[in-house]
Each structure stands twice: as C-alpha cells, then as structure tokens.
Amino acid sequence: MSAVMETTSAPATKLLPRLGLLGVVFFGLAYMSPSIVTSTFGVVSETSRGAAPTAYLVATAAMLLTAVAYAVLAREYPTAGSAYTYVGRTLGRVVGFFAGWVILLDYLFLPMVAWLIQSTYLHAQFPGIPLWVWLLINVGATTTINLLGIALADRVNIVLTITAMASVAALVVVLLLFPRS
C-alpha cells in the first residue's frame with residue numbers, strides 16, 4: 001500500500017496597498033508622538049536642568065538615521081517592511097527575532113503611554129471624571145477607530161497629527177517671541 005502525497009502550493013499572499021505616501025508619512029510622524037514632546041517638555045527640562053533640548057536634538061538625529069536606514073533597507077528588500085525582516089536578513093534570524101519582539105513591545109507600550117498622558121491631562125481639566133474613565137474612553141475610541149478600518153484610521157490620524165504639529169509650531173513661535181529672561 002503506497003500513499004501518494006499531493007502537494008499544492010498556495011497562491012502567494014500579497015499585501016494590498018491601502019495607504020498613499022501621505023498616509024504612511026503621517027503614520028510615521030504620529031508614531032513619533034510630537035504632542036508628547038510638548039506636553040512633557042517642561043517637566044523633562046526642569047528635571048534635567050535644561051538638558052532637554054540637547055536630548056531631543058540627539059533623539060531627532062537618531063530618528064533621522066533610523067529613517068535613512070529603513071529607506072535603504074526598503075529598497076534592498078522591497079517585499080519586507082518590518083524590523084524583523086530587515087534585521088534578520090542583515091544580522092541573522094536570531095537577532096531579527098529579538099528585534100521583532102522589541103518592536104512589538106514598542107507597538108504595545110507607546111499607545112499605553114499616550115493614553116495615560118492624555119487621560120491624565122483630561123482628568124486634570126475635568127477632575128469630576130475619574131482617571132480610569134478617561135482611560136476607558138481613550139482606549140475605546142482608539143480601538144473603535146482601528147476596528148472600523150484603515151481608511152478611517154488614516155483620516156483621523158492625519159487630522160490629529162496636523163493638530164499636534166501645529167501645536168509644536170505654536171510652541172516654537174511662542175518660545176521665540178517671548179524668551180525667558
């Protein structure tokens with residue numbers, strides 16, 4: 001009795017592009033969380049005795065180098081798109097595995113920090129509403145937007161990112177016009 005195994009190869013799965021260049025750029029900008037910089041700058045500057053601007057410049061330089069590296073790797077491995085693949089193909093699969101987990105943790109913790117900061121500020125503005133309620137509202141709104149699809153998430157993200165970038169620009173203008181003596 002011989003068994004014949006029939007193997008069929010599944011058709012290659014292909015990601016469908018749903019975001020244009022503007023959407024991808026704005027998701028990248030949003031991921032850098034410019035509003036967190038403006039909302040924590042005073043505390044960080046005071047705690048670091050004025051070293052915050054230098055730290056932010058160093059962090060900006062590191063992010064720019066990372067962006068250039070991603071651009072180079074995206075050209076080298078155009079079907080990839082993840083830190084796991086980029087690191088795995090350049091430094092080895094084991095290192096790529098750890099890079100994938102680290103970036104996953106980043107994707108999990110960054111929204112938590114944003115939710116906590118936003119909820120803390122909303123609670124300070126409206127102290128009658130408990131902090132945990134603001135957290136539930138923020139998590140619920142974010143989850144709902146994401147479940148409704150990438151097109152809605154893209155539109156909301158663009159509006160919020162433009163608002164955040166405008167607040168950063170307004171802060172810079174105020175700091176330049178009214179320097180501290």
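Described in the following lines is the structure provided in the data block. (Residues numbered from 1 in each chain as written. Predicted model: local features only at pLDDT ≥ 70, side-chain atom pairs only at ≥ 80, totals over all residues. Heavy atoms only, no water.)

**Quick notes on the packing of helix 4 (residues 83-91) against helix 5 (residues 93-125)**
Remark: helix 4 packs on helix 5, axes separated minimally by 7 Å, with the N-to-C direction vectors making an angle of 160°. Classified by the angle their axes make, helix 4 and helix 5 are roughly antiparallel. Crossing of helix 4 against helix 5: the hand is right-handed. Where helix 4 abuts helix 5, its residues A83, Y84, V87, G88 and L91 lie against R93, V95, G96, F97, A99, G100 and I103. (Axes fitted to C-alpha atoms, helices over the stretch in contact; angles between N-to-C directions. Helix = DSSP H or I, 4+ residues; strand = E, 2+ residues; numbered from the N terminus. Parallel < 35°, antiparallel > 145°, perpendicular 65-115°, else oblique. Left-handed = near helix turned anticlockwise from the far one by under 90°. Contact = heavy atoms within 4.5 Å.)

**Observations regarding the layout of surface pockets**
One number sums up the size of the second largest pocket: a volume of about 1300 Å³. Together, 33 residues line the second largest pocket, and A30, A114, Q118, T142 and L160 are the ones closest to its centre. Secondary structure elements with two or more residues in the lining of the second largest pocket: helix 1 (21-31), helix 2 (34-47), helix 5, helix 6 (131-147) and helix 7 (150-177). It is helix 5 that contributes the most residues to the lining of the second largest pocket, nine residues altogether. For the lining of the second largest pocket, the class distribution of residues is 21 nonpolar, 12 polar and no charged. (1 Å grid on protein atoms, 1.4 Å probe; cavity = no way out; pocket = protein on both sides within 12 Å on 5 of 7 lines; lining within 4 Å. Points joined across faces, edges and corners; volume = space filled by probe spheres on them. Nonpolar A, V, L, I, M, F, W, Y, C, P; charged D, E, K, R; others polar.)

**What to know about the side chain of T161**
Structurally, T161 is set in helix 7. Taking the relative accessible area as the measure of exposure, T161 reaches 3% and is therefore buried. (Buried < 20%, exposed > 50% of the residue type's maximum accessible area, 1.4 Å probe, protein only.)

**Focus on the packing of aromatic side chains**
Summed over the entire model, instances satisfying the criterion amount to four aromatic pairs. Between F97 and F98, the ring centres sit 5.5 Å apart and the planes meet at 75°, which makes this aromatic pair edge-to-face. When its relative accessible area of 43% is taken as the criterion, F97 is described as partly exposed. You can call F98 exposed: its relative accessible area is 52%. With 6.3 Å between their ring centres and 65° between their planes, F97 and W101 make a pair best called edge-to-face. Placement of both F97 and W101 in helix 5 is noted, with a separation of four residues, approximately one turn of the helix. Feature note: the residues F97, F98 and W101 constitute an aromatic cluster, connected by ring pairs. (Phe/Tyr/Trp six-rings, centres within 6.5 Å; stacked < 30°, edge-to-face > 60°.)

Everything listed here is a matter of coordinates, which is why it stays silent on function.
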